[in-house]
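Analysis of the macromolecular model
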Amino acid sequence: MNVIRVFPPDIRIGFVPIARPTFDLDLARAVTAQLYAALQSAGYWLVGSQELVMDGQAIDARIDELKAADIDMILVAQASFADSTMILHLARAIPAPLLMWAFPEDQVGGRLRINSFCGLNLAAHGLRRAGIGYDFRYAAPEDPGALAKLKDFAIAAAVKSRLTGTRIGRLGEHPDGFDTCLVNHDGLRARLGLEVVGYELAPFFERVKAADPTKVKALADAMSGALAGFSDVDAGAAKGTLRAYLSLEALAREENLAGMAVRCWPEFFTDLGCAACGAMSLLSDAMTPCSCEADVNGTITQLILGWISGEPAFGSDIVAFDVDADEATLWHCGLAPLSMADADAQPEATIHSNRRLPLLMQFPLKPGRVTIARLSEATGEFRLVIGGGEMLKAPPAFTGTSGRIRFDSGAAAVMETLLGQGLEHHVSISYGDHQAVLESLAGMLGLSVLRL
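Residues numbered from 1 in each chain as written. Predicted model: local features only at pLDDT ≥ 70, side-chain atom pairs only at ≥ 80, totals over all residues. Heavy atoms only, no water.

**Here we look at the pattern of salt bridges**
This structure, assessed with the given rule, holds 25 salt bridges. One salt bridge in this structure joins arginine 20 and aspartate 83, with 2.8 Å as the shortest N-O distance. One end of the pair, arginine 20, is in the loop between β2 (12-18) and α1 (25-42); the other, aspartate 83, is in the loop between β4 (73-78) and α3 (85-93), with 63 residues separating them in the sequence. Using a relative accessible area of 29% as the deciding quantity, one classes arginine 20 as partly exposed. Take aspartate 83: its relative accessible area is 30%, and that puts it in the partly exposed class. Connected through salt bridges with shared partners, the residues Asp322, Glu327, Arg404 and Arg406 form a single ionic network. (Salt bridge = Lys/Arg side-chain N within 4 Å of Asp/Glu carboxyl O. Helix = DSSP H or I, 4+ residues; strand = E, 2+ residues; numbered from the N terminus. Buried < 20%, exposed > 50% of the residue type's maximum accessible area, 1.4 Å probe, protein only.)

**A closer look at the sheet that holds strand β9 (residues 259-262)**
Strand order in the open sheet formed by 4 strands is β8-β7-β9-β10, and the pairing between neighbours is parallel. In this open sheet, the two strands that pair with only one neighbour each are β8 (195-199) and β10 (290-292). Adjacent strand axes in the sheet meet at a mean angle of 20 degrees, parallel and antiparallel pairs treated alike. Bridging between strand β7 (residues 167-171) and β8 involves 5 bridges; their strand directions are parallel. Considered in β8, the bridge of arginine 167 is made with glutamate 195. (Pairing = 2+ DSSP bridges. Axes fitted to C-alpha atoms, helices over the stretch in contact; angles between N-to-C directions.)

**Some points on the packing of aromatic side chains**
Summed over the entire model, instances satisfying the criterion amount to 6 aromatic pairs. The interplanar angle of 70 degrees and the centroid separation of 5.0 Å between the aromatic rings of phenylalanine 15 and tyrosine 36 together place this pair among those described as edge-to-face. Taken together, the residues span a long stretch of sequence, with phenylalanine 15 in strand β2 and tyrosine 36 in helix α1 at a distance of 21 residues. Here phenylalanine 15 falls in the buried class, since its relative accessible area comes to 0%. Arranged with centres 5.6 Å apart and planes meeting at 70 degrees, the rings of phenylalanine 178 and tryptophan 265 form a pair that is edge-to-face. (Phe/Tyr/Trp six-rings, centres within 6.5 Å; stacked < 30°, edge-to-face > 60°.)

**Some thoughts on the packing of helix α5 (residues 144-163) against helix α12 (residues 296-309)**
Packing of α5 against α12 brings their axes to within 10 Å, and their N-to-C directions diverge by 135 degrees. Viewed along their axes, α5 and α12 adopt a mutual orientation that is oblique. Between α5 and α12 lies a crossing of right-handed hand. Contacts between α5 and α12 involve Ile155, Val159, Arg162 and Leu163 from the first element and Ile304, Trp307 and Ile308 from the second. Of the residues contributing to the contact of α5 with α12, the split by class is 6 nonpolar, no polar and 1 charged. (Parallel < 35°, antiparallel > 145°, perpendicular 65-115°, else oblique. Left-handed = near helix turned anticlockwise from the far one by under 90°. Contact = heavy atoms within 4.5 Å. Nonpolar A, V, L, I, M, F, W, Y, C, P; charged D, E, K, R; others polar.)

**So, the nonpolar core**
Counting residues in each nonpolar core, the largest one holds 72 residues, and the members touching the most others are Leu171, Phe230, Met260 and Phe268. The leading source of residues in this core is helix α9 (residues 235-254), at 9 residues. Discounting residues that sit within four places of it in the chain, leucine 171 has contacts with Tyr199, Glu200, Leu201, Phe204, Leu248, Met260, Ala261, Val262, Arg263 and Phe268. Counting residues in each nonpolar core, the second largest holds 60 residues, with Ile114, Ala146, Leu192 and Leu441 among its members. (Core = buried A, V, L, I, M, F, W, Y, C linked by side-chain atoms within 4.5 Å.)

In structure tokens:
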């Protein structure tokens, strides 16, 4: 097997250049080599050689090679014209996200040397009639824009692959009246390939109470340096939150959980005498995303954003709109990852605004470009809500964690979509612009997209 393993190692591309012998094979091999080299330079793990695939025997051999390699996606280089037979056989044999790349050729008179676009057109028609999804590029092998779009597609393909077999922990049930946090076990398994595992609160609380005091003290010492006012909040309650963090982290590690959805109230306050918020903040900051109110779809959205961006994501409420200023306010009690704090603001330890117990993280969100997303089931069918905006530099709007945002589509339009579509009250944010990757991922998962 011809495998080139380079950075990033978590994106595995099956490379299949197809052609027909009656066309200019010298040019077909040249554009194939250029694309192959461009992919190598971009740092992909390529499976499959540059050798042109031109008949049924060759495509069968390449299919066997790709199946053995556990690829994330297939890239078919339309090195010359070919009918749709080989690509349909490939797509039916390996149900991985498929991207086709066709090449322009010089129009200087004389022979149509590779006729790549017409081959792409035939393939697209055949795939569409067969109900098989695909994406495409029609560009020179080293075209920067096409390579950038390929990167978006490849990242989405890797996320889709990673979702299969992922386990999400759900600690307790969602509160009454919070239908936004309902969980569709069968739907998530069928559409995303992941499993939601339920855990009862009472046994978990016993585990929290038995947490190692030495580890709790070490974590408390670290928090006293990271959070202003840590020594001013109730020490016993704050250590309860830290014990909860250690217990959540251990549970996630032991059970191979990629994220947690936690029923944070009222039992954490009434039975443990502390807030869950700070524990979830610490876990999310360590790339095991947590959402409150047992919001599984919120956790999944944060997980996807974290895998795309390589940074923690935050599940938040939108609590206010200022249409005249074209701004909105994001807020939550205090579970945002500390890495999202404005560099000019010292994160503080605080208490829950209603329950009056620690430990919560208090700070304004840092300014910068953000992506907003939500795996939504407001209509009874899964959709992916996608938006973008700019987090503004602003003082805290309320206690806990807050930020002022200017949406790309405007505050009035977002408010209309949020309420008119009856969307869930939690959205997830990640820094950077990841909308194109999310669009590609939605297509791969068969999800419709709602622009926020």
